[in-house]
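Descriptive structure summary
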Amino acid sequence: KRVPSWNCLGVDISDEAIKTAQRNAEINQTEVAFITEDLFSLQQSPKMKDIHPDIIVSNPPYITPGEKTELDPQVLNYEPSNALFHPHPVQVYDHLARYAADKNAILYLECNHNLASEIVEAVSKYFAQIDLIKDLDQKDRFVFAAEPL
């Protein structure tokens, strides 16, 4: 909104999430295009073929099913499970990092603090600069990656 010259694209596997994001964009008077797509299909997607992002921001499903009991009911009861859980979250980050590096994009990721070192290791296969950033509780929560290899 503050930089109207930017082209913004929102991608999600869920049509419902896309509809919510579209309503939010309208409410906030922002120009955002949206595509329904599986993040594991981005490389092969005809919809994404001509998309060359400069920056990719993602909050992918990063909670293992075994961590379900640790979640706050406010999250567990109101978020779709496919937005929260993945049996192998590090694979998700590996895929996103590979895609971003192939597109020569900067990458910002929210991550599972329990898997932060493994996520950084996965991302380091594709990027030279990686920063792990703590949240307000001083937990490793965000990964920044630049300079694709």
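Report on the accompanying structure. (Residues numbered from 1 in each chain as written. Predicted model: local features only at pLDDT ≥ 70, side-chain atom pairs only at ≥ 80, totals over all residues. Heavy atoms only, no water.)

**A closer look at the pattern of salt bridges**
When the charged atoms of two side chains lie near each other, side chains of opposite charge can form a pair. Within this structure, the stated rule accounts for 5 salt bridges. Put simply, Arg 98 and Asp 94 hold a salt bridge, and the shortest N to O gap is 3.3 Å. Placement of the pair is Arg 98 and Asp 94 together in helix H4 (residues 89–102), with a separation of 4 residues, close to one helical turn. Overall, Asp 94 belongs to the buried group, its relative accessible area being 12%. Where Asp 135 meets Arg 141, a salt bridge forms, and the shortest distance between an N and an O atom there is 3.2 Å. Using a relative accessible area of 14% as the deciding quantity, one classes Asp 135 as buried. Of the residues examined, Arg 141 reaches a relative accessible area of 14% and is grouped as buried. Salt bridges linked by common partners bring Asp 94, Arg 98 and Lys 125 together as one network. (Salt bridge = Lys/Arg side-chain N within 4 Å of Asp/Glu carboxyl O. Helix = DSSP H or I, 4+ residues; strand = E, 2+ residues; numbered from the N terminus. Buried < 20%, exposed > 50% of the residue type's maximum accessible area, 1.4 Å probe, protein only.)

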